[in-house]
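Each chain, letter by letter, is given below.
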Amino acid sequence: MSTNETKDLRIRSHVISEGANRVPNRAMLRATGFTDEDFQKPMIGVASTWSEVTPCNMHIKELAEEAKRGAVEAGGAPMIFNTITVSDGISMGHEGMHYSLPSREVIADSIETVIGAERLDAYVAIGGCDKNMPGCMIAIGRTDVPAVFVYGGTIRPGKLDGKDIDIVSAFEGVGQYNQGTIDREGLHEIECHACPGAGSCGGMYTANTMSSAIEALGMSLPGSSSNPAETKEKLADCREAGAAAVELLRKGIYPKDIMTKEAFENAITVVMALGGSTNAILHLLAMAHSVDVDLTMDDFERVRERVPHIADLKPSGRFVMQDLYEAGGVPAVMKVLLEQGLLHGDCLTVTGKTIKENLAEAEPLRAGQEVIRPFDKPFRKTGPLVVLEGNLAPEGAVAKVSGLKVNQLTGPARVFDSEEAATAAILSDQIKVGDVVIIRYEGPKGGPGMPEMLSITGMLVGKGLGEKVALLTDGRFSGGSHGLVIGHIAPEAQVGGPIALVEDGDQVTIDSVKRELSVALSPEELSRRRSAWQERPLPVRRGVLHKYSKLVSSASKGAVTD
């Protein structure tokens, strides 16, 4: 690579690497190891989410070093910087969960801040736990310099008594223990075997859903979303991503060239086919907002109606991401979807090639695999993430119906103004078959932070009530949740949405076929209750959660803060 060619790649860093007046700036970089030669190269960032607070991210330091090597080999001058992560699994079920969704914004803001302040020319972002993926991608959209995302990879399944288990087994084990179907020793055995090493939660939960969506979007390298954490393929993903970031810079390919409306439709298609997490709707809306793409809840419903659910993946199925990797990975699934005319094959990707060109090089699904069903034998003829509407959710709500035998329920509301109160009622057997449990004031503003309810759903499933009780909230559900659960109800209770007006005993109807979520109240009665409703003060008065509550939008808009 010639010096003149390399200089042309310094689209931002030239303000540091050129001129006598930038001697102080360069002096500081020399302390980090920069040389005269390095100042003639593009400066490539490696945004690392390495941390020891969660298995999802504990191996990412090594992955960041690999990305750095790849950038060096491609002619860049790379530097690693860190952002935060929190563990959804560890923060679940207590006050810590209020910080989970806000961490998405902290990650995005911190990466944007470093890229902007340091005038980096391109970067690789590496994420592990759930909010890392959209956080990194929102930053990539905002900064609009050439960038590649790499997923840290899925964890191996745990083993207990010859069976695969995972973190959701632990949450459901709590319900089984409370019900008396396992003893304390059995519960402890689950605790000790659920998470055997590095990597993100193993089913088609939020982390694996978002990594798959980002690959379909075109922003990560083919196969990288399904390559497990502790494999040589994952190290190669990172090294190749470092080189790809420099190559994107050379070709002048920017995130907005890749993250188009059609690319987001590809991402939604893959999420529906795989039976992904409801959180994908929230995060893809926010990612689209970062690049000014007009994506709405209606787009998800439009794509859902034409895409079958074909993956037998947890939480509702049998297999985990490691099994999908062994069956051929996300590229093999996308190859099938392209053949069926369900993907926009002309969308550009971070390889510099189109989706169609990338998939022409991909291997098909392996013969005899059972993870992905044939198109003529889907689990559902339409996608499993259903947008519900009605007088209880004028802006919409989201249900995941994969694996459900029940698609309609009408029952009396059991209303709780916090997850803690609902938990106490469930554990003390106050919730009965046919009840509609409503947990409100858990939305983006009212939670704050739209906390996930995996602990609650795990208890219900463990007690055998997974499809016998409906659970509604203006908060969220984990990608590991399953059962008759409806989240993201908007407008939320904190701003006076109809969910704030429901009272114990009101008859509530959930119908996933008609896409209905309603309460049997007349417009006049709803108006009367609204007149009597009083807005609550924001739940937190200082700090990051207060700022988040003040800024955050409705879940129907992606819960964005800008």
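The name given to the protein chain in an unreviewed UniProt entry is Dihydroxy-acid dehydratase, with Marininema halotolerans as the source organism. UniProt annotates the protein chain under Subunit (unreviewed entry) with the comment "Homodimer." As recorded by UniProt, the Sequence similarities (unreviewed entry) comment attached to the protein chain reads in full: "Belongs to the IlvD/Edd family."

(A) Quick look at the environment of S100. When you line up the elements, S100 lands in helix α6 (residues 100-118). Spatially, the C-alpha atom of S100 lies 27 Å from that of V502, the residues being 402 residues apart in sequence.

(B) Looking closely at unusual backbone geometry. Cis geometry marks the peptide bond from G447 to P448, where omega comes out at -10 degrees. Here P448 is to be found in the loop between β10 (436-439) and α20 (454-462). Of the consecutive residues A490 and P491, the connecting peptide bond is found in the cis state with omega at 0 degrees. Relative to the helices and strands, P491 resides in the loop between β12 (485-490) and β13 (507-511). Residue D144 is not a glycine yet carries a positive backbone phi of 50 degrees. Summarising the element assignment, D144 is placed in the loop between α7 (132-143) and β4 (147-151). Phi is positive for M450, which is not a glycine, with a value near 50 degrees. Relative to the elements of secondary structure, M450 occurs in the loop between β10 and α20.

(C) View of the pairing of β12. For β12, the tally of buried residues reaches six of six residues, placing the bulk of the element in the interior. In this sheet, β12 lies alongside strand β8 (residues 393-400) in antiparallel orientation, the contact comprising three bridges. Bridged to V398 within β12 is G487. Pairing analysis gives two bridges linking strand β11 (residues 470-473) to β12, with the strands arranged parallel. Its bridge partner lying in β12, L471 is registered against V485.

(D) Spatial organisation of the layout of surface pockets. Here the largest pocket is characterised by a volume of approximately 520 Å³. Every residue lining the largest pocket is counted, 27 residues in all, and those nearest its centre are E215, P222, G223, P331 and A362. Residue assignment for the lining of the largest pocket shows that the elements contributing at least two residues are α11 (232-251), α16 (321-327), α17 (329-339) and α18 (355-360). Among the elements that take part in the lining of the largest pocket, α11 stands out by supplying four residues, more than any other. Taken together, the residues of the lining of the largest pocket sort by class into nine nonpolar, nine polar and nine charged.

(E) Inspection of the UniProt feature "active site" (unreviewed entry) in the protein chain at higher detail. According to UniProt, the feature "active site" (unreviewed entry) maps to S478 in the numbering used here. Note that S478 resides in the loop between β11 and β12. A relative accessible area of 9% places S478 in the buried class. The residues touching S478, leaving out its near neighbours within four places in the chain, are M92, T206, N279, E452, M453 and L454.

(F) Focus on a negative patch on the surface. There is a patch of like negative charges on the surface, built from D161, D183, E185 and E189. Locating E189 in the fold gives a position in helix α9 (residues 184-193).

Criteria and thresholds
Residues numbered from 1 in each chain as written. Predicted model: local features only at pLDDT ≥ 70, side-chain atom pairs only at ≥ 80, totals over all residues. Heavy atoms only, no water. UniProt positions renumbered as here; feature names shortened; annotations may be inferred. Helix = DSSP H or I, 4+ residues; strand = E, 2+ residues; numbered from the N terminus. Buried < 20%, exposed > 50% of the residue type's maximum accessible area, 1.4 Å probe, protein only. Pairing = 2+ DSSP bridges. 1 Å grid on protein atoms, 1.4 Å probe; cavity = no way out; pocket = protein on both sides within 12 Å on 5 of 7 lines; lining within 4 Å. Points joined across faces, edges and corners; volume = space filled by probe spheres on them. Nonpolar A, V, L, I, M, F, W, Y, C, P; charged D, E, K, R; others polar. Contact = heavy atoms within 4.5 Å. Patch = residues over 30% accessible without salt bridge, like charges linked within 9 Å, V, L, I, M, F, W, Y side chains within 5 Å. Areas by Shrake-Rupley, 256 points an atom, 1.4 Å probe, with all protein chains shown as cover. Salt bridge = Lys/Arg side-chain N within 4 Å of Asp/Glu carboxyl O. Lys, Arg positive; Asp, Glu negative; His and termini not counted. Charge placed at Lys NZ, Arg CZ, Asp CG, Glu CD.

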